[in-house]
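Listed below are the residues making up each chain.
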Amino acid sequence: MRILVFGAGSLGTLVGGLLASVHDVTLVARDPHAARVSAAGLDIVGAESAHVSPAATTTETGHSAGLALVTVKSFDTAAAADALADCDVGAVLSLQNGLTEEMLASRLDAPVLAGTATYGARLVEPGRVECTGVGRVVLGALDGGPDPLAERVGKAFRDAGLDTLVATDMPRRRWEKLAVNAGINAVTALSRVENGALAGDDAGELAHRAARETARVARLERVSLPNRVAREAVDRVVEKTAANRSSMLQDVESEKQTEVDAINGAVVDIAAGHGFEVPTNRTLAALLRAWERGEGIR
Ligand code: KPL
């Protein structure tokens, strides 16, 4: 399959690099990463290791591919959709934080699949990505239910050795992931601790509260996500990724814009649409936005 990875940062480079063992992959990335991969290939190190040679470019438009994998930060989704509208792609799969698929679907003709990836990835240097944890890709139809396109994409991923589940309940899975991110990302970023530090701590209770509010909003959106399931999902991820620094903590540490708008901010906005208040998510979003303003990145 011809696969375009749109936004080859750490996760996109790792997943694209693994897919490149059997597929014709092009990474759309920034220089010097793109130039280094073009010139000398990509080294995958850590829990997975390989040397692969995907194509790499900084050019965002004019590509043709059977699948475009979108791994840009959530706040770059609109720009990615505009560039993809100038490409010829058969299908789009988002592996991003936040509920970004709706924006892609509203701007693109190609069918959009929803996905989550729990691989840990770190771009060590241009042309070198570390797999810090072998995870799983889950993908499926945005509205749930069986989908032949999702099955084809799932097979393409499995052919490349990626542990991939084609799910028929993506609406619930997307909200569960949003609940986990709403709790863990903001709290770890504000308190500057690894995910594991939330276990049994008051900060962990704050993460539970944000996740429970998110589950309530999911139910207002007619997605069945009990509070208990959201809270247990937070605990599971805290335990499994104890040594990880959340993506939002990494953004804060490198003084970059965070994904707060697409995570806690989205929970606040969707809740408001139902006339419902989510004070924990509102407070977390306000604190992160204040930090971004203070850093001059908002
Ligand atoms: O998705 C994550 C992130 O950091 O963005 C979690 C699941 C919280 C793992 O760190």
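If you're wondering where the values come from, they're calculated on a predicted model, not measured in any experiment.

**A look at the nonpolar core**
Working step 1: Within the largest apolar cluster, 38 residues are counted, with the highest numbers of intra-cluster contacts made by Leu 19, Leu 93, Phe 157 and Leu 162.
Working step 2: Take this core: its biggest share by element is 5 residues, from helix 1 (residues 10-19).
Working step 3: In contact with Leu 93, not counting residues within four places along its chain, are Leu 67, Ala 68, Leu 69, Val 70, Leu 113, Ala 114, Gly 115, Leu 139, Val 153 and Phe 157.
Working step 4: Core analysis: the second largest hydrophobic core is formed by 35 residues, Trp 175, Ala 210, Ala 233 and Val 278 among them.

**Looking at the domain arrangement of the protein chain**
Working step 1: Each domain of the protein chain was delimited in the assignment, giving domain 1 (2-166) and domain 2 (170-296).
Working step 2: Its C-alpha centre places domain 1 at a distance of 24 Å from the equivalent point of domain 2.
Working step 3: Facing 21 residues of domain 1, the contacting portion of domain 2 comprises 17 residues.
Working step 4: Of the roughly 1500 Å² buried between domain 1 and domain 2, counting both surfaces, carbon and sulfur atoms make up 57%.
Working step 5: Three residues, Phe 75, Asn 97 and Leu 99, lead the burial of domain 1 against domain 2; their summed loss comes to 40% of the area buried on that side.
Working step 6: Taken together, the links from domain 1 to domain 2 amount to 3 salt bridges.
Working step 7: For Arg 174, the salt bridge identified is with Glu 101, shortest N-O distance 2.6 Å.
Working step 8: Remark: the boundary between domain 1 and domain 2 carries 7 residue pairs in polar contact (both at pLDDT 80 or more).
Working step 9: Listing elements by their share of the side of domain 1 that touches domain 2, those giving two or more residues are helix 4 (101-107), strand 8 (112-117) and strand 11 (137-141).
Working step 10: Broken down by element, the side of domain 1 that touches domain 2 gets its largest block of residues, 4 residues, from strand 11.
Working step 11: A breakdown of the residues in the side of domain 1 that touches domain 2 according to their chemical character gives 8 nonpolar, 9 polar and 4 charged.

**What about the UniProt feature "domain: Ketopantoate reductase C-terminal" (unreviewed entry) in the protein chain?**
Working step 1: Sequence positions flagged by UniProt for "domain: Ketopantoate reductase C-terminal" (unreviewed entry) are, in local numbering, residues 171-290.
Working step 2: Taken end to end, residues 171-290 is 69% helix and 0% strand, and its two terminal C-alpha atoms sit 31 Å from one another.

**Some details on the UniProt feature "domain: Ketopantoate reductase N-terminal" (unreviewed entry) in the protein chain**
Working step 1: The UniProt feature table records "domain: Ketopantoate reductase N-terminal" (unreviewed entry) at residues 3-143.
Working step 2: Each end of residues 3-143 is marked by a C-alpha atom, and these two atoms are 23 Å apart; helix forms 23% of the span and strand 40%.

**Thoughts on the pairing of strand 11**
Working step 1: Counted residue by residue, strand 11 has 5 buried out of 5 residues, so it is predominantly covered.
Working step 2: Here strand 8 pairs with strand 11 via 5 bridges, running antiparallel. Bridge assignment links Ala 114 to a residue of strand 11, and that residue is Gly 140.
Working step 3: Of the strand pairs in this sheet, strand 11 and strand 12 (residues 164-166) are connected by 3 bridges, and their pairing is parallel. Across the sheet, residue Val 138 finds its bridge partner in strand 12, namely Leu 165.
Working step 4: Between the parallel elements strand 11 and strand 12, the chain passes through helix 5 (residues 148-159) in a crossover that is right-handed.

Rules behind the numbers
- Residues numbered from 1 in each chain as written.
- Predicted model: local features only at pLDDT ≥ 70, side-chain atom pairs only at ≥ 80, totals over all residues.
- Heavy atoms only, no water.
- Core = buried A, V, L, I, M, F, W, Y, C linked by side-chain atoms within 4.5 Å.
- Buried < 20%, exposed > 50% of the residue type's maximum accessible area, 1.4 Å probe, protein only.
- Helix = DSSP H or I, 4+ residues; strand = E, 2+ residues; numbered from the N terminus.
- Contact = heavy atoms within 4.5 Å.
- Domains from an automatic or database assignment.
- Buried area = accessible area lost by both parts, 1.4 Å probe.
- Salt bridge = Lys/Arg side-chain N within 4 Å of Asp/Glu carboxyl O.
- Polar contact = N/O pair within 3.5 Å; in protein donor to acceptor, adjacent residues only side chain to side chain.
- Nonpolar A, V, L, I, M, F, W, Y, C, P; charged D, E, K, R; others polar.
- UniProt positions renumbered as here; feature names shortened; annotations may be inferred.
- Pairing = 2+ DSSP bridges.
- Right-handed = clockwise from strand over helix to strand, strands pointing away.

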